[in-house]
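Listed here are the chains, written in short residue letters.
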Amino acid sequence: MGPVDYLVVEFPGSRMTGEGLPLLIDLVDRGIIRIIDFMFVKKNSDGSVKAMEISDLAVDGHPELTVFEGVTSGLLGMDDLEGAASVLSPGDSAGVLVYENLWAAPFAEALRHGGAQLVADGRIPVQAVLAALDAVEEGSLT
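Below is a short write-up of the structure. All of these numbers come straight from a predicted model, not from anything done at the bench. (Residues numbered from 1 in each chain as written. Predicted model: local features only at pLDDT ≥ 70, side-chain atom pairs only at ≥ 80, totals over all residues. Heavy atoms only, no water.)

**Quick look at the layout of surface pockets**
If you add up the space inside the largest pocket, you get close to 600 Å³. Counting only elements with at least two residues in the lining of the largest pocket, the list comes to β1 (4-11), β4 (93-101) and α3 (105-113). Here the lining of the largest pocket gets 4 residues from one element, more than from any other, and that element is α3. Residues belonging to the lining of the largest pocket are distributed by class as follows: 16 nonpolar, 4 polar and 4 charged. (1 Å grid on protein atoms, 1.4 Å probe; cavity = no way out; pocket = protein on both sides within 12 Å on 5 of 7 lines; lining within 4 Å. Points joined across faces, edges and corners; volume = space filled by probe spheres on them. Helix = DSSP H or I, 4+ residues; strand = E, 2+ residues; numbered from the N terminus. Nonpolar A, V, L, I, M, F, W, Y, C, P; charged D, E, K, R; others polar.)

**Regarding unusual backbone geometry**
Negative phi characterises most residues that are not glycine, and trans characterises most peptide bonds. One non-glycine residue with positive phi stands out, namely Ser14, at about 60 degrees. The topology assignment puts Ser14 in the loop between β1 and α1 (21-29). Here Ser14 falls in the partly exposed class, since its relative accessible area comes to 24%. (Buried < 20%, exposed > 50% of the residue type's maximum accessible area, 1.4 Å probe, protein only.)

Below, the structure is given as structure tokens:
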């Protein structure tokens with residue numbers, strides 16, 4: 001198995017355009033990722049949290065969303081969804097995606113077979129990378 005990651009993507013005002021869906025489908029179709037869980041959560045104006053599955057969403061204009069109906073392993077629980085919703089503003093929604101990085105599975109298997117163990121991992125936010133690159137560029141121009 002490859003590394004498993006998760007994303008929580010906020011939709012301010014619960015406005016979902018569906019622009020990313022074809023790209024997500026492409027990642028799955030090309031065998032780059034395997035979706036393990038895909039759920040949505042909404043934070044109501046009173047602060048309460050509602051978990052939603054794909055079938056609960058209005059898919060008008062985005063029939064490709066139905067491809068993900070029933071994609072759940074049971075790994076995500078209500079406590080996970082409430083945790084995701086804790087960073088949302090009232091009235092906002094979020095998609096919660098848990099996926100396996102299939103591209104990395106052969107590499108991970110080879111490392112495990114050789115006795116290696118993952119001892120740390122992490123992710124650098126894109127904004128931090130861009131800021132660091134801008135700082136380097138500004139420094140090199142002076």
